[in-house]
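Next come the chains, spelled out residue by residue.
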Amino acid sequence: MAVNLLLGLQWGDEGKGKIVDVLTSNYDIIARFQGGPNAGHTLIFDGHKHVLHTIPSGIFHENAVNVVGNGVVIDPVIFKKELDNLAKFNLDFKTKLLISRKAHLILPTHRLLDAASEASKGKAKIGSTLKGIGPTYMDKTGRNGMRIGDLELTDWKERYEALAKKHIKMIDFFDVKLEYNLEELEAEFFQAVSELKNLTFIDSEEYMNNAIKNGKTVLAEGAQGSLLDVDFGTYPFVTSSTTTAAGACTGLGVAPNKIGEVFGIFKAYTTRVGSGPFPTELFDEDGETMSRVGHEFGATTGRPRRCGWLDLIALKYAVDINGVTQLMMMKGDVLSGFDTLKVCTSYNYKGQEVDHLPYNIEAHNVSPNYTEFKGWSEDLTSMTSADTLPKELIEYIAFIEDFVGVPVKIVSVGPDRKQTIMR
Ligand code: GDP
Ligand code: IMO
Ligand code: MG
């Protein structure tokens, strides 16, 4: 069977967790392939709200196996907290949650390095979630990292000590004041590692390929979004992993010819947390309304998300890079009540109108040109069928489909699992 992918097409927080949860009943395996606890994926069902950071969003379904792939970076401390939060569900983690031996470990000193790096940048900071993501991927590609499989070796603590010692020297290099108590951080880390070691570690690339050969259905769950991709995002204001479709191949050990459908998720407007360019960002009442109605606060850090109109130039770019075959539009309900809606359909770039995402998209290089739409006033949140959607919303969707050349197959009209309309 083919592996289907589910990816965010904007700057993250599109609603990936919700849709993975909705789709899990169709799959045997849900596999995360990149990122780490910088992600916050929200699931709401039966009146409960859960935020998952590293654990795949299929965890609540009885029959699905959840794989944390080699491309993911794992902080044992956060992982343990996630497990603790799930304790009341009595899930059988030993069989339902499998971790790749090749996934890299986030050490406490990676988090400190992240903080030191950000502090040293001052105003130019990335706006990192400070979970140690950048330093851990740097150690991975620099060939210095520690992996989950290392925890099975007798000398893993010595390896840990050597790497942590090196990090402390690097922190000094940054010449910033950083308050920390390493002893405390390490005690917490070692305790969490001992709990992590009770879980099942696997050679995940072998597991995945056997599963595919045996006809199992797999959904690969992306984290972050295409505009945060280390190559194709708004560099350097990006994360440190490949968030696009190619990342599923390297992050799971699955070959490109095994990829089937690519589900691309986007919000009906745009949000971004952290620093970096955002051509359609709003600083007015419309932006405030999106923020308030959409509860736009980060699921991991609680920071307010910046809000703006839908950017179809950026969306088309993401659709092309990922080879998206089906779109899912989230949070249409948040736009109810706007008299006029705008979508960006070209940019003014250095004095010329362009219809692609140029190299420099900072505000002084790029300004958006908008196409306007009449809004809808109906409350969408209790709608259950595509036939009942207001005609203005259907026109909005049709314009998007036509612009990017891919059909919108799911319209999400609220945060709950049930508030999902299939088309
Ligand atoms: P993820 O990181 O892509 O999984 O997304 P997040 O969980 O960080 O952010 C999405 C937020 O929007 C969460 O608070 C969800 O509960 C919420 N959400 C998801 N879909 C919808 C929707 O269709 N309408 C509304 N109003 N909220 C939604
Ligand atoms: P999910 O999976 C939104 C952003 C951070 C920062 C930049 C780099 O929930 O969509 P990092 O911690 O990776 O060094 O931060 O990327 N960022 C996210 N923004 N959703 C996420 O994940 C994000 N993960 C990282 O805010 O701007
Ligand atoms: Mg999120």
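Note that the coordinates shown come from a computational prediction; the quantities given were computed from them, not determined experimentally. (Residues numbered from 1 in each chain as written. Chains lettered and ligands numbered in written order. Predicted model: local features only at pLDDT ≥ 70, side-chain atom pairs only at ≥ 80, totals over all residues. Heavy atoms only, no water.)

Enquirer: Any chance you could explain the coordination of the magnesium ion (ligand 3) here in plain terms?
Expert: For a metal with four donors in a tetrahedral arrangement, the ideal angle between donors is 109.5 degrees, while six donors in an octahedron ideally sit at 90 or 180 degrees. Within the protein, the magnesium ion (ligand 3) binds to D13 (OD) and G40 (O); these donor distances fall in the range 2.1 to 2.2 Å. Of this pair, D13 sits in the loop between β1 (3–8) and α1 (16–23) while G40 sits in the loop between β2 (29–32) and β3 (41–45), and the two are 27 residues apart along the sequence. Judged by its relative accessible area of 22%, D13 is partly exposed. When its relative accessible area of 11% is taken as the criterion, G40 is described as buried. (Donors = N, O, S within 2.8 Å, 3.2 Å for Na, K, Ca; no water. Helix = DSSP H or I, 4+ residues; strand = E, 2+ residues; numbered from the N terminus. Buried < 20%, exposed > 50% of the residue type's maximum accessible area, 1.4 Å probe, protein only.)

Enquirer: Looking at this structure, I do not really get the pattern of salt bridges. What am I missing?
Expert: Where charged atoms from two side chains of opposite charge come close, those side chains can pair. As enumerated under the stated definition, the model contains 18 salt bridges in all. Residues R305 and D13 are paired through a salt bridge, measuring 3.0 Å at the closest nitrogen-oxygen approach. In this pair, R305 is assigned in the loop between α10 (285–293) and β13 (306–308) and D13 in the loop between β1 and α1, connecting sequence segments 292 residues apart. Using a relative accessible area of 10% as the deciding quantity, one classes R305 as buried. One salt bridge in this structure joins K374 and E392, with 3.7 Å as the shortest N-O distance. With K374 in strand β18 (residues 366–374) and E392 in helix α12 (residues 391–404), the pair connects residues that are 18 residues apart, well separated along the chain. (Salt bridge = Lys/Arg side-chain N within 4 Å of Asp/Glu carboxyl O.)

Enquirer: What should I look at first to understand the packing of helix α11 (residues 312–322) against α12 in this one?
Expert: When two helices pack together, their arrangement is given by the angle between the helix axes and the distance between those axes. Across the interface, α11 lies against α12 with an axial gap of 9 Å and an inter-helix angle of 55 degrees. As far as their axial angle goes, α12 and α11 are oblique. For α11 against α12, the interelement crossing comes out right-handed. Every residue of α12 that contacts α11 at L312, I313, L315, K316 and V319 is listed here: F399, I400, F403 and V404. In terms of residue class, the contact of α11 with α12 is built from eight nonpolar, no polar and one charged. (Axes fitted to C-alpha atoms, helices over the stretch in contact; angles between N-to-C directions. Parallel < 35°, antiparallel > 145°, perpendicular 65-115°, else oblique. Left-handed = near helix turned anticlockwise from the far one by under 90°. Contact = heavy atoms within 4.5 Å. Nonpolar A, V, L, I, M, F, W, Y, C, P; charged D, E, K, R; others polar.)

Enquirer: How do you make sense of the site of ligand 2 when you look at a structure like this?
Expert: Around ligand 2, a shell composed of 21 residues is seen, among which D13, K16, H41, T129 and T239 lie nearest. Here an oxygen atom of ligand 2 and a side-chain polar atom of K16 are 2.7 Å apart. G127 is positioned such that a nitrogen or oxygen atom in its backbone is 3.4 Å from an oxygen atom of ligand 2. In the complex, the protein chains occlude 97% of the 550 Å² of accessible area that ligand 2 would expose alone. When the residues that make up the shell around ligand 2 are grouped by side-chain class, the tally is eight nonpolar, 10 polar and three charged. (Near = heavy atom within 4 Å. Polar contact = N/O pair within 3.5 Å; in protein donor to acceptor, adjacent residues only side chain to side chain. Areas by Shrake-Rupley, 256 points an atom, 1.4 Å probe, with all protein chains shown as cover.)

Enquirer: I would appreciate a short explanation of the nonpolar core in the present structure.
Expert: A general feature of soluble globular proteins is that nonpolar side chains tend to end up buried together. L327, M329, L335 and Y396 are the most contacted members of the largest nonpolar core, which has 56 residues in total. With five residues, α12 is the single largest residue contributor to this core. Beyond its immediate stretch of four places on either side in the chain, L335 contacts A268, Y269, M290, L341, W376 and Y396. Ranked by size, the runner-up nonpolar core spans 33 residues in total, among them F93, M146, Y160 and V193. (Core = buried A, V, L, I, M, F, W, Y, C linked by side-chain atoms within 4.5 Å.)

Enquirer: Looking at this model, I keep getting lost on the sheet that holds strand β10 (residues 218–221). Mind explaining?
Expert: Two modes of strand pairing occur in sheets, parallel and antiparallel, and in both the strands are linked by backbone hydrogen bonds. Pairing in this open sheet of 10 strands is mixed, and the strands run β9-β7-β5-β2-β10-β1-β11-β15-β19-β20 from one edge to the other. Whereas interior strands pair on both sides, the edge strands pair on one side only; in this sheet they are β9 (200–202) and β20 (420–422). Going from strand to strand, the sheet's axes swing by 25 degrees on average, the running direction of each strand aside. Where strand β5 (residues 65–68) and strand β7 (residues 97–100) come together, three bridges link them in parallel fashion. Looking at the pairing, V68 lines up with I99 of β7. The strands touched by α1 within the sheet are β1, β2, β10, β11 (259–267), β15 (326–330), β19 (408–412) and β20, with β1 carrying the most contacts at an inclination of about 155 degrees. (Pairing = 2+ DSSP bridges.)

Enquirer: How should the site of ligand 1 be read in this particular structure?
Expert: The full set close to ligand 1 counts 20 residues, and K16, G40, T42, D333 and S412 are the nearest of them. With respect to ligand 1, the backbone of E14 contributes an N or O atom lying 3.1 Å from an oxygen atom. Taking 590 Å² as the accessible area of ligand 1 by itself, protein coverage stands at 93%. The set of elements that each furnish at least two residues to the shell around ligand 1 consists of α1 and β3. The class makeup of the residues in the shell around ligand 1 is six nonpolar, seven polar and seven charged.

Enquirer: Looking at this model, I keep getting lost on the pairing of β3. Mind explaining?
Expert: It is a general feature of regular strands that their side chains alternate between the two faces of the sheet. Side chains H41, L43 and F45 project from β3 onto a buried face, and the interleaved T42 and I44 project onto a face without burial. In terms of strand pairing, β3 meets strand β4 (residues 48–52) through five bridges, oriented antiparallel. Within β4, the residue paired with I44 across the bridge is K49. Linkage of β3 to β4, two consecutive antiparallel strands, is achieved through a turn of two residues, within which D46 is found at a positive phi near 45 degrees.

Enquirer: Even after reading the chapter, I still don't get the packing of aromatic side chains, so can you show me in this structure?
Expert: Under the criterion given, the structure shown has 13 aromatic pairs. Through successive ring pairs, a cluster of aromatic residues spans F373, W376, Y396, F399 and F403. Between the NZ or CZ atom of R417 and the centre of the ring of F45, over which it lies, the distance is 4.0 Å. (Phe/Tyr/Trp six-rings, centres within 6.5 Å; stacked < 30°, edge-to-face > 60°. Lys NZ or Arg CZ within 6 Å of the ring centre and 35° of its normal.)

Enquirer: How should I be thinking about the pairing of β15 in this particular structure?
Expert: Counting buried positions along β15 yields five of five residues, so the element is predominantly enclosed. Alternating residues of β15 divide into Q326, M328 and M330 and L327 and M329, and every residue in both groups is buried. In terms of strand pairing, β15 meets β19 through three bridges, oriented parallel. Looking at the pairing, M329 lines up with V411 of β19.

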